[in-house]
Amino acid sequence: MLRSLNINPDKCTGCLQCEMACSFENEGVFNPAKSRIKIFTFHEEGRFVPYTCTQCDEAWCLHACPVEAIKMNRETGAMEVLDSVCVGCKVCTIACPFGTVNYNQTTGKVIKCDLCGGDPQCAAACPTEAITYVDADATGLEKMRAWASKTDNQAHAN
Amino acid sequence: MTYVIVGAGPAGVVAAETICKLDPDGQVVMVGDEPDPPYSRMAIPYLLINNIDEQGTYLRKDAEHFGKAIRHVHGFASSVDAEAKTLHLADGRKIDYEALLVATGSKPILPPVPGIDGERVTTCWTLEDARKITATLKPGASVVLIGAGFIGCIILEALVSSGANLAVVEMGDRMVPRMLNETSGELLKKWCQEKGVNVMTSAQVESIEHHPDKAVVKISGDRHVDAELVISAAGVRANADFLEGAAVELKNGAVAVDRHMCSSVPGIYAAGDAACGLDFSTGDYSVQAVQPTAVEHGRIAAANMVKHGSVLHQGCINMNVLDTIGLISVSYGQWQGVEGGDRTSLLDRDRFRYINLQFDEDTLIGANTLGVTQHIGILRGLIQGQFKLGKWKQRLMQNPMLIMEAYLAATQGA
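Every value quoted in this text rests on a predicted model; they were computed, and no experiment measured them. (Residues numbered from 1 in each chain as written. Chains lettered and ligands numbered in written order. Predicted model: local features only at pLDDT ≥ 70, side-chain atom pairs only at ≥ 80, totals over all residues. Heavy atoms only, no water.)

1. A look at the overall build of chain A
At step 1: Tallying secondary structure elements over chain A gives five helices and eight strands in all.
At step 2: Along its sequence from the N terminus, chain A presents helices and strands in the succession β-α-β-β-α-β-β-α-β-β-α-β-α.
At step 3: Taking all 158 residues of chain A together, the buried fraction comes to 53%.
At step 4: Taken as a whole, chain A presents about 7,000 Å² of accessible surface, with 50% of it coming from carbon and sulfur. (Helix = DSSP H or I, 4+ residues; strand = E, 2+ residues; numbered from the N terminus. Buried < 20%, exposed > 50% of the residue type's maximum accessible area, 1.4 Å probe, protein only. Areas by Shrake-Rupley, 256 points an atom, 1.4 Å probe, with all protein chains shown as cover.)

In structure tokens, the structure reads:
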């Protein structure tokens, strides 16, 4: 069954353990700046919002890539960057309207959430269940994606 | 149904693949005039710096990809007989079509100066060009680059890292005038100068004299530079000459298309750099000549070639990302702003960081940045989502770096 990250900002305390776990899993360092998931802080509203790629159906990043360096993992549904193929042109970073593909200056490649191959470490590290990895149908993902259809030219052509 | 696609770049390849999916029984012929497998010009800068080999530029890595459902024909399209629905190739071959896609991309414009056709002058457009440049570049070689536009800038790193002595001659008053405003264009110039590049703006090449051992490039203001290699990157124009005689209406030198990507001649469609298509931001028709637009055009054109009227183009947002010797610049939509709209910017000159946001009332309509890469795509989300930013507009006016927060507030009520 396809699963996806379910994010519930109301439960987030802003502890940043997800960022640490993500950076360690993917980059081997505890450096929130290298995390694929980000916690945004709203001081005035007293609110923390975890944010990462929803592995959207439109897959803007995948379609924008000129050299087939982003592929869908059929088991997890995640769009994965193939490091050996990525040339570092950054077109996907501007094409993704969710801002969830970033350029890594150190490696000269782009990075994005790949659901850790099916065992997302952010969810494992979250102490308050603000980030959980659950059955995709239950996540309300559709709500998060809804706006995309407004400007979508791609879905119908598939 | 026989579909003929002229051009084997991203627009042509994506269109061909989309047609195969939508009409598995259709015959798809893709005509390309270069001997190589379909490749991405976007990848050439990375080939020049040796990050990848030529295969790394290929659009599709499976060597068998073309030749199955898609027939890849090598040839140069010379004319179209729209009445007979026949494409003529320069070598005399004819290909009949029921639907034709013009995905011929664009080609470099050579500035009209004496000596531009000399042997030491090359464009940087094709794999063949890249081979020529690679063969000439060596430490200490002197190179003159004509044009500091997108292509000129994106290959600067390769030229600098080869150890060449580099002079750049740009007609505009700043670098990349078509995607950067005065502040960011000037800052990019300073960045390049600090990397040892001799950048001349508001300057014109007047002539190129060819001698046995070098070329002498004469530049306005009584300047001259010796060069072993001259790279001309002075802009591009659509490949639409072969349509002369087919009564296909052109706009801005490219094929004028409607929202089905169809030209003025039924059955002839266009996509990518060769198409003058709907611009999301302006509601007008323009040639964007960028990869994401080419791909989007290709998909929409394909759908309408299979079933006319099936997909209506909503307009592409103009966007660009450029890496100039490690300094990354980005532009979106109406970065120049609109009359009556508000603008805000933040500049850190010493760290080469800049962000400029443009609003129409409380909606973001354009942006450009320098040295800002984190979550940069959210600018597209904000612009294309046309969100009313409410109180977040004021917050952005005060701190334009809060783009992610503004997006989350708009979409999740954060």
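Picking up after the structure, the text goes on.
2. Structural notes on the sheet that holds strand 10 (residues 142-146) of chain B
Residue and element names in this part refer to chain B.
At step 1: Taken together, five strands build an open sheet; the order of strands is 9-16-10-11-12 and the sheet is parallel. Two strands bound the open sheet, and with one partner strand each, they are strand 9 (121-123) and strand 12 (198-200). When strand polarity is set aside, the average angle formed by the axes of neighbouring strands in this sheet is 20°.
At step 2: In this sheet, strand 11 (residues 165-169) lies alongside strand 10 in parallel orientation, the contact comprising five bridges. From the neighbouring strand, Leu145 faces strand 11, where its bridge partner is Val168. (Pairing = 2+ DSSP bridges. Axes fitted to C-alpha atoms, helices over the stretch in contact; angles between N-to-C directions.)

3. Quick notes on the interface of chain B and chain A
At step 1: The interface of chain B with chain A comprises 56 residues on the first partner and 43 residues on the second.
At step 2: Taken together, the links from chain B to chain A amount to five salt bridges.
At step 3: Arg60 of chain B is paired through a salt bridge with Glu68 of chain A; the nearest N and O atoms lie 3.9 Å apart.
At step 4: Where chain B meets chain A, there are 16 residue pairs in polar contact (both at pLDDT 80 or more).
At step 5: Elements supplying a minimum of two residues to the side of chain B that touches chain A: helix 1 (10-22), helix 7 (291-306), strand 23 (319-324), strand 24 (327-333), helix 8 (378-385), helix 9 (391-398) and helix 10 (403-412) of chain B.
At step 6: The element contributing the most residues to the side of chain B that touches chain A is helix 7 of chain B, with seven residues.
At step 7: Its residues assigned to classes, the side of chain B that touches chain A shows 27 nonpolar, 19 polar and 10 charged. (Contact = heavy atoms within 4.5 Å. Salt bridge = Lys/Arg side-chain N within 4 Å of Asp/Glu carboxyl O. Polar contact = N/O pair within 3.5 Å; in protein donor to acceptor, adjacent residues only side chain to side chain. Nonpolar A, V, L, I, M, F, W, Y, C, P; charged D, E, K, R; others polar.)

4. Notes on the packing of helix 1 of chain B against helix 7 of chain B
Residue and element names in this part refer to chain B.
At step 1: With their axes 7 Å apart at the nearest point, helix 1 and helix 7 run at an angle of 35° to one another. The handedness of the crossing between helix 1 and helix 7 is right-handed. Along its contact with helix 1, which presents Pro10, Ala11, Val14, Ala15, Thr18, Ile19 and Leu22, the element helix 7 presents Gln291, Ala294, Val295, Gly298, Arg299, Ala302, Ala303, Met305 and Val306. (Left-handed = near helix turned anticlockwise from the far one by under 90°.)

5. Quick notes on the pattern of salt bridges
At step 1: All chains considered together, the criterion is met by 25 salt bridges over all chains.
At step 2: Notably, a salt bridge pairs Lys218 of chain B with Glu209 of chain B, separated by 3.4 Å at the nearest N-O pair.
At step 3: One network of salt bridges, with partners in common, ties together Glu44 and Glu45 of chain A together with Lys391 and Arg395 of chain B.

6. Digging into the pairing of strand 1 (residues 2-6) of chain B
The side chains of a regular strand alternate, first on one face of the sheet and then on the other.
Residues and elements named next belong to chain B.
At step 1: Among the five residues that make up strand 1, four are buried, leaving the element largely enclosed by the rest of the structure.
At step 2: A crossover links strand 1 with its parallel partner strand 2 (residues 27-32), the connecting element being helix 1, and its sense is right-handed.
At step 3: Sheet analysis places strand 1 next to strand 7 (residues 99-102), joined by four bridges and oriented parallel. Following the sheet pairing, Val6 is matched in strand 7 by Val102. (Right-handed = clockwise from strand over helix to strand, strands pointing away.)

7. Thoughts on the packing of aromatic side chains
At step 1: Applying the stated criterion across every chain, the model contains six aromatic pairs over all chains.
At step 2: On the basis of an interplanar angle of 5° and a centroid distance of 4.6 Å, the ring pair of Phe24 of chain A and Phe30 of chain A is categorised as stacked.
At step 3: Seen in terms of ring centroids, Phe42 of chain A and Trp392 of chain B are 5.8 Å apart; in terms of plane orientation they differ by 80°. Their pairing is edge-to-face. Highlighted residues: Phe42 of chain A in strand 2 (residues 38-42) and Trp392 of chain B in helix 9, drawn from two different chains. Comparing Phe42 of chain A with Trp392 of chain B shows no difference in burial state: the two are buried.
At step 4: Put simply, the rings of Phe40 and Tyr51 of chain A together with Phe387 and Tyr407 of chain B touch in pairs and so form one group of aromatic residues. (Phe/Tyr/Trp six-rings, centres within 6.5 Å; stacked < 30°, edge-to-face > 60°.)

Take it as geometry only, folks, not as evidence of what the structure does.
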